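Overview (structure and organization)
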Amino acid sequence: MDTKKLYRSSTDKMLGGVCGGLAKYFGVDPTIVRLVFVLMLALGGHGFLVYLILWIVVPLEPFISPFDVKPIDPPVSPNEPKS
């Protein structure tokens, strides 16, 4: 069972990575999430407060070193004998 976790994005971020992380979690474009926050800010000022709380509460996406990734075995030709 693969569980999804909410993280702030470390790659797709403009300020704190909150919108990028929410977009990845919900599978939508980050621009849509950013527009929602701007609309929330313009329509009542709650966008900034929600963003700030999420920035504090949601952890940053863990960094995966390229050295920690297991290399993929090269494909074997069907005509090539196995050793």
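How each quantity is defined
Residues numbered from 1 in each chain as written. Predicted model: local features only at pLDDT ≥ 70, side-chain atom pairs only at ≥ 80, totals over all residues. Heavy atoms only, no water. Helix = DSSP H or I, 4+ residues; strand = E, 2+ residues; numbered from the N terminus. Buried < 20%, exposed > 50% of the residue type's maximum accessible area, 1.4 Å probe, protein only. Contact = heavy atoms within 4.5 Å. Areas by Shrake-Rupley, 256 points an atom, 1.4 Å probe, with all protein chains shown as cover. pLDDT = per-residue confidence, 0-100. Salt bridge = Lys/Arg side-chain N within 4 Å of Asp/Glu carboxyl O. Axes fitted to C-alpha atoms, helices over the stretch in contact; angles between N-to-C directions. Parallel < 35°, antiparallel > 145°, perpendicular 65-115°, else oblique. Polar contact = N/O pair within 3.5 Å; in protein donor to acceptor, adjacent residues only side chain to side chain.

1. A look at the overall build of the protein chain
Helix and strand counts for the protein chain come out as three helices and zero strands. Ordered by position from the N terminus, the helices and strands of the protein chain form the series α-α-α. Looking at the protein chain as a whole, 22% of its 83 residues are labelled buried. Across the protein chain, the fraction of contacts at a sequence separation of at least 24, relative to all contacts at a separation of at least 6, is 45%. Accessible area for the protein chain stands at about 7,100 Å²; split by element, carbon and sulfur atoms hold 68% of it.

2. Focus: the confidence of the model for the protein chain
Of all residues in the protein chain, 76% attain a pLDDT of 70 or more, and the chain-wide mean is 81. When pLDDT is averaged over each element of the protein chain, helix α1 (residues 18-26) comes out on top at 90 and helix α3 (residues 46-57) at the bottom at 87.

3. Some remarks on the pattern of salt bridges
Inspection of every chain in the model, using the stated rule, returns one salt bridge. Of the charged contacts, one joins Glu 61 and Lys 24 as a salt bridge, the two residues approaching to 2.8 Å between their closest N and O atoms. On the criterion of sequence distance, the pair formed by Glu 61 in the segment after α3 and Lys 24 in helix α1 is long-range, its members being 37 residues apart. Judged by relative accessible area, Lys 24 falls into the exposed class, the value being 56%.

4. Description of the environment of Ala 23
Here Ala 23 is to be found in helix α1. A relative accessible area of 2% means that Ala 23 is categorised as buried. It is 9.2 Å that separates the C-alpha atoms of Ala 23 and Ser 9, two residues lying 14 residues apart in sequence. Look past the residues within four positions of Ala 23 in its chain and what remains in contact with it is Val 28, Asp 29, Pro 30 and Val 33.

5. A few points about the packing of α1 against α3
Axis separation between α1 and α3 bottoms out at 10 Å; the angle between their running directions is 80 degrees. Judged on the interaxial angle alone, α3 and α1 are roughly perpendicular. Note on element contacts: α3 touches α1 through Tyr 51, Leu 54 and Trp 55, opposite Val 18, Cys 19 and Leu 22.

6. Some words on the side chain of Ser 9
Checked against the element boundaries, Ser 9 lands in the segment before α1. In terms of polar contacts, Ser 9 uses its side chain to reach the backbone amide nitrogen of Thr 11, at 3.3 Å. Those residues in contact with Ser 9 that lie beyond four places of it in its chain are Gly 17, Gly 20, Gly 21, Leu 60 and Glu 61.

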